[in-house]
Amino acid sequence: MAAAAEGRPVRYPVVDVHTHVVPKGWPDLGAACGGSGWPWLRVDSERAAMIMVGETEFRPIGASCWDAPTRLADMTADGVDLQVVSPTPVFFSYDRPADQAAKVARIFNDLTLEVTAAGGGRLVPFCQVPLQDPAAACAELDRCLAAGHAGVEIGNHVGDRDLDDGGIVEFLTHCARVGAPVFVHPWDMPGGPRLDRWMARWLTGMPAETHLSVLALILGGVFDRVPETLRICFAHGGGSFPFWLGRADNAWHRRGDLVRGSSTAPPSAYVDRFCVDSVVFEPAALRLLVDTMGEDRVLVGSDYPYPLGERPVGQVVRKADFLTPDQRDKLLGGNALRFLGCSESD
């Protein structure tokens, strides 16, 4: 078990809830799923590759994406005991026919199990689903839970349908019923001349996308309809939502005719219905996150192994001198165990 900054043992395993996987190769998706323009992997060496979309370079990756020993060594170096391993969103395929998305989900979900099986129990697999088709999404989730996945990662929208869409709510209700934790990751951010420089889609688009989707769950009345057993966590600190919660409450009270939507209470009344990860990089931002969400709703995440993530994992939590030892233990692992549906003894 990892040790806390004070040099004493922590009460819980240290858990990183936000990491991604890319297998080292997969079948030709056009042949296996139909259609064209699918992602494929250009392997440049034993430890380096490039995700390609058609003939366009999408992202360079290294062995940490697919090699369990590399991941485990990095985890040990950072003092991480367990790592939730989720898909990389480029493979979600929500813009494709549902039957194609279901096939690609099955392929990558099975490959993820192969990667995590070499982790000696330290790598916790999350699956992907064809979210554009709620029945197919529920069926793939059930198949994956039976096969060894512990939960599911979803994108924050399907085209113009946000998380309050009826079909997505049907899927979230199913997750609550079967006890599957849901990790929400922003994806498919808007582009354009003002956003296609400086990685602005990642630096501004991701926070905005996440903020919008949290509001969709609240103002769309989803939290008023979905059972409280739903365990759902938003990546990247909940985006800009925690900073602007006061603005949302003010608008709910002062312009309820336009803002309230289907919600029965102001946005601040729902912060105990979801979690956020800790990928905010600065203690001052973490303080705001804990003050806004509460000490039971913030979980360590890193975005490993991508370069905009946090290394060493959990350093902002360990360095935050405003946290008590018990609060630090919760953020490092206790809250994540509850999100995953585990007990302390697990």
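Remember, predicted model here, so these are calculated numbers, not experimental data.

Q: Kindly report on empty space enclosed by the protein, identifying the contributing residues and their values.
A: In the structure shown here, the tally under the stated rule is two cavities of 30 Å³ or more. By volume, the largest cavity is sized at about 50 Å³. Along its surface, the largest cavity is lined by V21, P23, P87, T88, F91, F108, N109, T112 and Q128. The element contributing the most residues to the lining of the largest cavity is helix α3 (residues 98-117), with three residues. When grouped by side-chain class, the residues that make up the lining of the largest cavity number five nonpolar, four polar and no charged. The space that makes up the second largest cavity amounts to roughly 30 Å³. As for the second largest cavity, its lining consists of D16, R71, D74, M75, D78, V80, Q83, Y304 and V313.

Q: Explain the state of the cysteines to me, using residue names and the numbers behind them.
A: Evaluated as defined, the whole model comprises zero disulfides. No disulfide involves C342; its sulfur sits 13 Å from the nearest other cysteine sulfur, which is in C275.

Q: Please give an account of the packing of helix α4 (residues 134-147) against helix α5 (residues 166-178) that cites residues and values.
A: Between α4 and α5, the least distance of the axes is 9 Å, while the angle of their chain directions is 25°. With respect to their mutual orientation, α4 and α5 come out roughly parallel. Pair α4 / α5 crosses with right-handed handedness. For the pair α4 and α5, contact is made by P134, A137, C138, L141, D142 and L145 and by G167, E170, F171, H174, C175 and V178, respectively. Here the residues of the contact of α4 with α5 are counted per class, giving eight nonpolar, two polar and two charged.

Q: Before we move on, could you go through the packing of aromatic side chains and cite the residues and values that matter?
A: On inspection of all chains with the given rule, the structure shows twelve aromatic pairs. When the centroid spacing of 5.1 Å and the interplanar angle of 55° are considered together, the rings of W26 and F108 count as tilted. Note that W26 is positioned in the loop between β1 (15-21) and α1 (29-33) and F108 in helix α3, a separation of 82 residues in sequence. Relative accessible area serves as the criterion here: at 15%, W26 is assigned to the buried category. Judged by relative accessible area, which is 3%, F108 ranks as buried. Three or more aromatic residues link up through ring pairs in this structure, and these residues are F223, F234, F241, Y270 and F274.

Q: Describe the environment of D95, naming the residues involved and giving the relevant values.
A: Tracing the sequence through the fold places D95 in the loop between β5 (82-87) and α3. According to the relative accessible area criterion, D95 is exposed, its value standing at 67%.

Q: Residue-level account of the side chain of R273, with values.
A: Position of R273 among the secondary structure elements: in the loop between α9 (256-259) and β10 (275-277). Buried and without a salt bridge, R273 has E228 as its closest oppositely charged side chain, separated by 4.7 Å. A distance of 2.5 Å separates the side chain of R273 from the backbone oxygen of F223, its partner in a polar contact. There is a polar contact of 3.2 Å between the side chain of R273 and the backbone oxygen of P227. In contact with R273, not counting residues within four places along its chain, are F223, V226, P227, E228, L230, I232 and R297.

Analysis parameters
- Residues numbered from 1 in each chain as written.
- Predicted model: local features only at pLDDT ≥ 70, side-chain atom pairs only at ≥ 80, totals over all residues.
- Heavy atoms only, no water.
- 1 Å grid on protein atoms, 1.4 Å probe; cavity = no way out; pocket = protein on both sides within 12 Å on 5 of 7 lines; lining within 4 Å.
- Points joined across faces, edges and corners; volume = space filled by probe spheres on them.
- Helix = DSSP H or I, 4+ residues; strand = E, 2+ residues; numbered from the N terminus.
- Nonpolar A, V, L, I, M, F, W, Y, C, P; charged D, E, K, R; others polar.
- Disulfide = S-S within 2.5 Å.
- Axes fitted to C-alpha atoms, helices over the stretch in contact; angles between N-to-C directions.
- Parallel < 35°, antiparallel > 145°, perpendicular 65-115°, else oblique.
- Left-handed = near helix turned anticlockwise from the far one by under 90°.
- Contact = heavy atoms within 4.5 Å.
- Phe/Tyr/Trp six-rings, centres within 6.5 Å; stacked < 30°, edge-to-face > 60°.
- Buried < 20%, exposed > 50% of the residue type's maximum accessible area, 1.4 Å probe, protein only.
- Lys, Arg positive; Asp, Glu negative; His and termini not counted.
- Salt bridge = Lys/Arg side-chain N within 4 Å of Asp/Glu carboxyl O.
- Polar contact = N/O pair within 3.5 Å; in protein donor to acceptor, adjacent residues only side chain to side chain.

Such coordinate-based values are descriptive only and should not be taken to indicate function.
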